[in-house]
Amino acid sequence: MPRSTPLFLSLLAGSLAAECSDAGICRLAPREPVDSEHAWSLGASLGIAAGAETTDVVYQTLTPRVGWRSTSGLRLSAEVPLISLSGPVGDASGVGDALIWGEQVVASGDWGELGVQLGARLPTGNDNARPGLPQAYQLGLGPADMLAGIGWWRDGYSAGVAYALAGGANNLAGTNLERGDDLVLRAGYSHSIAAYTAGLQVVVVSRLAESSVQTPTGRATVSKSDGVQLNLRPSLAWQAAPAWRVDLALALPMLKRDNDVDGLTRRFAGDLGLTVGF
């Protein structure tokens, strides 16, 4: 496998379409082409996730994505999830929020490689798809978030820190939710045997400020909507052919925030993907 493959595999579970208790920063690291022979990659993944016990919403996603890499260490990627969700009081389906991001390797040596990552969550999903229902029933989160991070990797080991700058209050009728910013720390390891690569990543997401909602008397913060979440993310990849790869990833929240007003908490999630390079 190429030298850059361990970075992708260690961050693979971060591409789950609806897993992390944040607005996209867990998916900041771009997907890479299948190998160094191919500059372009096309892929799609099927995902399923269950929301917080308080809402009991089930999410099914189909996420097409495209990626490109240069010989100078630049990687670009974009994805747009198609979401179908259902819960005890309603359902919705349609386009979710798109994600675009890039990574540039800025230094390398015997100690590994260091990359700078930039991206954005774009408001392509309807944040008022089901007026009167909680945020967990909406297809989008609202105004764009800006994402930035730094990643390191070497011989299957990886680590990183990232920040999501929230875009402001959304248009959900009667709520106009405004989320706090997110800080993410991650560390992982992957190991290859023949055509298979297994990985495990630990991701800590810290919501730095409580969310706020609109009330008849003005904006009010939502108690216990900040705090820390910890996720474990096992993954398995099969290099079926030089240009084809199959990926399986799971997300297992070990620690969740107390209040799920933003609708992003997940009890579990899984993702099965296929990627082709050309």
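As shown above, the structure is provided for reference.
Residues numbered from 1 in each chain as written. Predicted model: local features only at pLDDT ≥ 70, side-chain atom pairs only at ≥ 80, totals over all residues. Heavy atoms only, no water.

Quick look at the pattern of salt bridges
Which entries qualify depends on this criterion: We count a salt bridge whenever a side-chain nitrogen from Lys or Arg sits within 4 Å of a carboxyl oxygen from Asp or Glu. Per the convention used, a helix needs a DSSP run of H or I reaching at least four residues, while a strand needs a run of E reaching at least two, with both numbered from the N terminus. Residue exposure (1.4 Å probe, protein chains only): buried if accessible area is under 20% of the type maximum, exposed if over 50%, otherwise partly exposed.
For the structure shown, the criterion picks out 14 salt bridges. Notably, a salt bridge pairs Glu 178 with Arg 219, separated by 3.8 Å at the nearest N-O pair. Here Arg 219 lies in strand S13 (residues 218-221) and Glu 178 lies in the loop between strand S9 (157-165) and strand S10 (182-193), a separation of 41 residues in the sequence. Here Glu 178 falls in the partly exposed class, since its relative accessible area comes to 30%. The exposure class assigned to Arg 219 is partly exposed, which follows from its relative accessible area of 36%. Among the ionic pairs, Asp 182 bridges to Arg 207, the shortest N-O distance being 2.6 Å. Taken together, the positions of Asp 182 in strand S10 and Arg 207 in strand S11 (residues 196-207) put the pair 25 residues apart, joining distant regions of the chain. For the pair Asp 182 and Arg 207, one class covers both residues: buried.

Overview of unusual backbone geometry
Here the phi dihedral of Asp 155 falls at roughly 50°; this positive angle occurs in a residue that is not glycine. With respect to the secondary-structure elements, Asp 155 resides in the loop between strand S8 (145-154) and S9. Overall, Asp 155 belongs to the exposed group, its relative accessible area being 60%. Located in the positive-phi region is Ala 194, a residue other than glycine, with phi close to 55°.

Digging into the side chain of Asp 127
The condition is simple: For the charge count, each Lys or Arg is scored as positive and each Asp or Glu as negative, with His and the chain ends excluded. Under this definition, polar contacts are N or O atom pairs within 3.5 Å; protein pairs additionally need one hydrogen-donor-capable and one acceptor-capable atom, and for neighbouring residues in sequence, both atoms have to be side-chain atoms. Throughout, a contact is declared for two residues whenever any of their heavy atoms are within 4.5 Å.
Relative to the assigned elements, Asp 127 resides in the loop between strand S7 (112-122) and S8. Of the side chains with opposite charge, Arg 121 comes closest to the buried, unpaired Asp 127, at an N-O distance of 7.6 Å. A distance of 3.0 Å separates the side chain of Asp 127 from the backbone nitrogen of Asn 171, its partner in a polar contact. With residues near it in sequence (within four places) discarded, Asp 127 still touches Gln 138, Gly 140, Leu 141, Gly 142, Asn 170, Asn 171 and Leu 172.

Considering the environment of Tyr 157
Position of Tyr 157 among the secondary structure elements: in strand S9. Overall, Tyr 157 belongs to the partly exposed group, its relative accessible area being 47%. In this structure the C-alpha to C-alpha distance between Tyr 157 and Gln 201, which are 44 residues apart in sequence, comes to 9.7 Å. Setting aside chain neighbours within four positions, we find Tyr 157 in contact with Trp 152, Gly 188 and Tyr 189.

Considerations on the environment of Arg 267
Structurally, Arg 267 can be placed in strand S16 (residues 266-277). Given the relative accessible area of 29%, Arg 267 is considered partly exposed. Beyond its immediate stretch of four places on either side in the chain, Arg 267 contacts Ala 50, Gly 51, Ala 52, Glu 53, Asp 56, Pro 253 and Lys 256. Within polar-contact distance, the side chain of Arg 267 engages the backbone oxygen of Gly 51 at 2.5 Å. Among the polar contacts made by the side chain of Arg 267, one reaches the side chain of Asp 56 at a distance of 2.7 Å.

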